Amino acid sequence: MPPEVVPQEELKIPNGWMVGGSRPRYFDMGLTSEQKHSGTQCAMIRSKVENCEDFGTLVQNIDAASYRGRHVSLTAFIKSSEVQVFAGLWMRIDASGKVVGFDNMQDRPIMGTTDWTKYEVLLYVPQESDNIGFGVLLTGTGTVWFDDLEIKVVSGDVHATGGHNRSCGIQYQQSCPTNLDFAQGAYKENPVGDWDNVPQGWFVQRKDPSFFVGLKELKTGIGVETVACIRNTSKEIEADGFGTLLQSIEATHLVGKRIRLTAKVKGNGIEVGGGLWLRVDAGWDLAVCYDYMDDRKIKGTTDWTEFQCVVDVPEKSDNIYFGALLVGRGEMLVKDFALEIVTSKTPTTGEHGSLEDRERAKSLYRKEVNSEPLNLDLIAISDGLPVGWIARGSNPERFEMKVDSAQNYEGKPSAVISAKRSYDDGFGTLMQNVEPSRFKGKRVRFSAHVKTEDVEHAALWMRVDGADGNFIAFDNMQERALSGCNDWGRFEIVLDVADEATNLAFGVLMTPRGKVWIADAALDTVSVDIELTETRNLLEVKAAPTNLNFEDTEPAAQ
């Protein structure tokens with residue numbers, strides 16, 4: 001079940017800033033005069049739920065033109081209270097929709113309770129860059145205040161805090177694996193809490209904060225052995241709660257190779273499952289080849305046993321993740337990690353472990369554009385899918401998407417997205433891309449009847465694309481998404497289609513479990529008297545940063 005949102009006083013969003021995050025509705029974000037570093041007020045992000053690891057952020061996007069070919073420093077003064085997962089200053093460099101630089105302080109997180117401190121992220125802006133996004137984020141529970149941001153060009157003789165070509169925006173991508181035997185020990189400058197024993201070069205992700213993930217010393221007949229430990233003995237943990245120890249490395253030098261991850265694992269009372277995992281990504285949100293040991297999970301109490309994951313690294317891959325994962329209660333000990341290149345004689349493991357999948361990866365990036373909206377009544381079917389609609393998402397292979405003859409709305413056919421099992425992340429969407437000429441300069445409404453079953457998050461969405469892949473307008477019902485079980489209801493999205501629009505995309509999405517049905521869809525122009533559903537353009541790009549000290553109180557221009 002989604003965390004319960006505790007109502008709190010709504011905060012005013014500072015002029016020039018925008019709300020974003022994985023679950024913005026789980027956070028209060030805006031101005032406060034109760035704390036400030038200077039002036040009369042500052043910005044604040046405060047959690048409204050317990051035991052979540054989603055994040056909220058206040059963000060700006062600026063044109064990268066004046067920063068190209070230079071190093072850019074973003075600084076801010078930040079104060080925190082009882083931050084359980086992490087908070088940080090972040091900056092991202094985009095080029096034609098691809099992330100070419102990113103840092104969110106993941107390797108030096110703000111945790112616990114801290115006084116006002118100045119932090120910095122510093123990135124190089126490549127010549128092809130077109131957008132710089134920046135802000136402060138809070139992940140999980142707690143409160144973070146920030147003030148007096150500054151963004152400026154600095155000399156080239158500096159070391160960037162983030163990196164380039166990060167496939168999933170993860171700041172801690174490394175050039176190659178490190179500290180696989182844990183001989184380097186834990187980080188010397190330890191954050192607070194369960195992060196105290198995290199081995200150098202490794203990082204932690206937890207869906208449930210009651211997980212311990214770190215190093216543990218075991219007594220042996222000849223001394224002490226250091227191993228990794230993932231443990232949760234809480235009686236309150238949900239069945240899909242997890243903890244993982246992981247690394248992220250560049251894929252460039254391994255493209256075209258077959259790789260094998262091995263490690264020895266010992267289980268103690270594992271109830272749901274544990275194991276190694278290995279994943280290869282191509283681009284921001286496409287997992288091409290992966291193995292999570294779904295078909296051979298470690299359960300119960302076991303002695304030390306070596307396990308392996310073997311996958312291929314297709315063309316255009318740019319990031320490789322690997323590690324160990326425990327779901328549910330129990331304890332898992334891991335040692336002797338190794339990541340190596342193997343020959344084609346070594347069989348692959350996992351669901352997508354073949355170099356032939358490179359064509360599939362490419363096809364998922366192709367934008368199939370219809371000349372006009374097609375088959376909105378979902379009557380025409382081809383290979384199970386409604387004609388004119390395409391199945392996409394961050395992990396479309398995790399979902400079944402088809403016309404569902406067993407469900408209809410008042411005699412009208414429906415299409416369904418259903419998770420093949422309960423996942424921890426990822427989304428699937430049934431969608432269309434439409435050539436926007438007939439809608440330019442007009443207000444457009446996408447509407448449909450929607451029904452859900454046991455979903456965490458389901459919604460209609462619509463997006464207006466501009467040149468170079470930049471979003472002009474977007475709404476995915478983030479603040480009004482459906483969860484749980486809901487009978488048929490009519491929902492709509494209303495956006496303006498600018499004259500410079502190059503594509504109009506719309507559809508229905510679901511993440512990461514359950515089922516969602518769509519029926520009786522419509523895309524039509526409406527009067528300007530019809531209110532826009534997008535109250536704030538999260539991808540609005542400004543010419544320059546604005547209101548970095550949060551003292552601008554004049555009403556924003558309409």
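Everything here concerns the structure above.
Residues numbered from 1 in each chain as written. Predicted model: local features only at pLDDT ≥ 70, side-chain atom pairs only at ≥ 80, totals over all residues. Heavy atoms only, no water.

*Asks:* Can you walk me through the overall build of the protein chain in this structure?
*Replies:* In terms of helices and strands, the protein chain carries 1 helix and 34 strands. Relative to its 558 residues, the protein chain shows a buried fraction of 55%. If you take every contact in the protein chain between residues at least 6 apart in sequence, the share linking residues at least 24 apart comes to 78%. (Helix = DSSP H or I, 4+ residues; strand = E, 2+ residues; numbered from the N terminus. Buried < 20%, exposed > 50% of the residue type's maximum accessible area, 1.4 Å probe, protein only. Contact = heavy atoms within 4.5 Å.)

*Asks:* For this particular structure, what's the right way to read the pattern of salt bridges?
*Replies:* It is possible for side chains bearing opposite charge to pair when their charged atoms get close. If you walk through the whole model with that rule in mind, you get 25 salt bridges. Note that Lys-264 is salt-bridged to Asp-336, the shortest N-O span being 3.7 Å. Linking Lys-264 in strand β15 (residues 258-268) with Asp-336 in strand β21 (residues 330-342), this pair joins segments that are 72 residues apart in sequence. Between Asp-520 and Lys-412 there is a salt bridge, and its shortest N-O distance comes to 3.4 Å. Of the two residues, Asp-520 sits in strand β33 (residues 515-526) while Lys-412 sits in strand β27 (residues 412-419), which places them 108 residues apart along the sequence. (Salt bridge = Lys/Arg side-chain N within 4 Å of Asp/Glu carboxyl O.)

*Asks:* Hey, could you run me through the pairing of β33 in this one?
*Replies:* The sheet contact formed by β27 and β33 spans 5 bridges and is antiparallel. Residue pairing across strands places Ser-418 opposite Lys-515, the latter belonging to β33. Across 10 bridges, the pairing between strand β29 (residues 442-465) and β33 is antiparallel. By the bridge assignment for β33, Val-450 is matched with Ile-518. (Pairing = 2+ DSSP bridges.)

*Asks:* What's the story with the packing of aromatic side chains in this structure? I'm lost.
*Replies:* Here the distance between the centres and the angle between the planes together describe a pair of aromatic rings. Enumeration over the complete set of coordinates arrives at 13 aromatic pairs. Taking 5.9 Å as the distance between ring centres and 90° as the angle between the ring planes, the aromatic pair formed by Trp-389 and Phe-506 counts as edge-to-face. Note that Trp-389 is positioned in the loop between β24 (385-386) and β25 (390-393) and Phe-506 in strand β32 (residues 503-511), a separation of 117 residues in sequence. Judged by relative accessible area, Trp-389 falls into the buried class, the value being 5%. Overall, the relative accessible area of 0% leaves Phe-506 in the buried class. When the ring of Phe-446 is compared with that of Phe-506, the centres are 4.8 Å apart and the planes differ by 45°; the resulting orientation is tilted. (Phe/Tyr/Trp six-rings, centres within 6.5 Å; stacked < 30°, edge-to-face > 60°.)

*Asks:* Looking at this structure, I do not really get the environment of Trp-277. What am I missing?
*Replies:* Note that Trp-277 resides in strand β16 (residues 270-281). Judged by its relative accessible area of 6%, Trp-277 is buried. Separated by 44 residues in the primary sequence, Trp-277 and Tyr-321 have C-alpha atoms spaced 8.0 Å apart. In this view, Trp-277 contacts Thr-244, Leu-245, Leu-246, Leu-261, Asp-291, Tyr-292, Cys-309, Tyr-321, Phe-322, Gly-323, Ala-324 and Leu-325; residues no more than four positions away in its chain are not counted. A distance of 3.0 Å separates polar atoms of two side chains, one belonging to Trp-277 and the other to Thr-244. (Polar contact = N/O pair within 3.5 Å; in protein donor to acceptor, adjacent residues only side chain to side chain.)

*Asks:* What's the story with unusual backbone geometry in this structure? I'm lost.
*Replies:* Leave glycine aside and you will find that most residues have negative phi; peptide bonds, for their part, are mostly trans. Note the cis peptide between Thr-511 and Pro-512, where omega equals -20°. Positionally, Pro-512 belongs in the loop between β32 and β33. With a phi close to 55°, Met-293 is a non-glycine residue in the positive phi region. By the secondary structure assignment, Met-293 is in the loop between β17 (287-291) and β18 (298-300).

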